[in-house]
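# A closer look at the structure
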Amino acid sequence: MEQNLEHTISLLSRTPLAWTLHNEGESSWSAFEVVGHLIHGERTDWMPRAKMILQFGESRTFDPFDRWAQSRESQGKSLCELLDEFARLRSENLHELRVLNLRPEDLARRGRHPALGVVMLSELLATWAAHDLTHLHQISRIMAHQYREAVGPWAKFLGVMQCAGHSSAS
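These numbers come from a predicted model, not from an experiment. (Residues numbered from 1 in each chain as written. Predicted model: local features only at pLDDT ≥ 70, side-chain atom pairs only at ≥ 80, totals over all residues. Heavy atoms only, no water.)

This next bit is on the packing of helix α4 (residues 46-56) against helix α8 (residues 121-145). Running from amino to carboxyl end, α4 crosses α8 at an angle of 175°, the nearest separation of the two axes being 10 Å. By the angle between their directions, the pair α4 and α8 is classed as roughly antiparallel. Residues Trp-46, Met-47, Arg-49, Ala-50, Ile-53 and Leu-54 of α4 lie in contact with α8, whose contacting residues are Leu-121, Leu-124, Thr-127, Trp-128 and His-131. Considered class by class, the residues forming the contact of α4 with α8 number 8 nonpolar, 2 polar and 1 charged. (Axes fitted to C-alpha atoms, helices over the stretch in contact; angles between N-to-C directions. Helix = DSSP H or I, 4+ residues; strand = E, 2+ residues; numbered from the N terminus. Parallel < 35°, antiparallel > 145°, perpendicular 65-115°, else oblique. Contact = heavy atoms within 4.5 Å. Nonpolar A, V, L, I, M, F, W, Y, C, P; charged D, E, K, R; others polar.)

Quick look at unusual backbone geometry now. Positive phi outside glycine occurs at Ser-27, with the angle close to 65°. Mapping Ser-27 onto the fold places it in the loop between α2 (17-21) and α3 (31-44). Positive phi, normally seen in glycine, also occurs at Asn-101, with a value near 45°. Secondary-structure assignment places Asn-101 in the loop between α6 (79-100) and α7 (104-107).

Moving on, we come to the packing of aromatic side chains. One pass over the full model with this rule turns up 2 aromatic pairs. Taken together, a centroid distance of 5.3 Å and an interplanar angle of 85° make the contact between Trp-29 and Trp-68 edge-to-face. Of this pair, Trp-29 sits in the loop between α2 and α3 while Trp-68 sits in the loop between α4 and α5 (70-73); the two residues are 39 residues apart in sequence, bridging distant segments of the chain. The class of Trp-29 is buried, set by a relative accessible area of 5%. By relative accessible area, Trp-68 is classed as partly exposed at 43%. Measuring from ring centre to ring centre gives 6.1 Å for Trp-46 and Trp-128, while their planes differ by 5°; the resulting arrangement is stacked. Note that Trp-46 is positioned in helix α4 and Trp-128 in helix α8, a separation of 82 residues in sequence. The class of Trp-46 is buried, set by a relative accessible area of 4%. Note that Arg-60 overlies the ring of Phe-56, its terminal NZ or CZ placed 4.7 Å from the centroid. (Phe/Tyr/Trp six-rings, centres within 6.5 Å; stacked < 30°, edge-to-face > 60°. Buried < 20%, exposed > 50% of the residue type's maximum accessible area, 1.4 Å probe, protein only. Lys NZ or Arg CZ within 6 Å of the ring centre and 35° of its normal.)

Remember, this is a structural readout, not a statement about activity or role.
Now the structure itself:
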């Protein structure tokens, strides 16, 4: 990509829609798809699994997580709609988490992940936060990817340009 001053000013002043739809290449996600993925996690992963641990312990295995559900669930929605939905679901889930009033002994309770085996509630909750950070990192990498060529020799000083990706597991 050659340097385009108008595009750069647009990028620096706001997040254009087209910018959120770009990805890093084959089998990678756009920022739009990442938000859809986070929404799916809010619905089907973090709090449902936390409740399952508290109710069933290790006796019941979590349902597998569909890492590609956002492809169908986000169809026909705008990024603004997705962001609003994500904010609403996250707020509801954090309210539910607070209402649980978890104690240290609750955090030590164990559940069963379909691929990882036995996991603790504290690990699930820590992973929820780290998962967000992973995808924030991914979004910054996706955005920077559009400037890989345009930044020229400065690329060697920009860590986001050096990053090869993140874990494929969620």
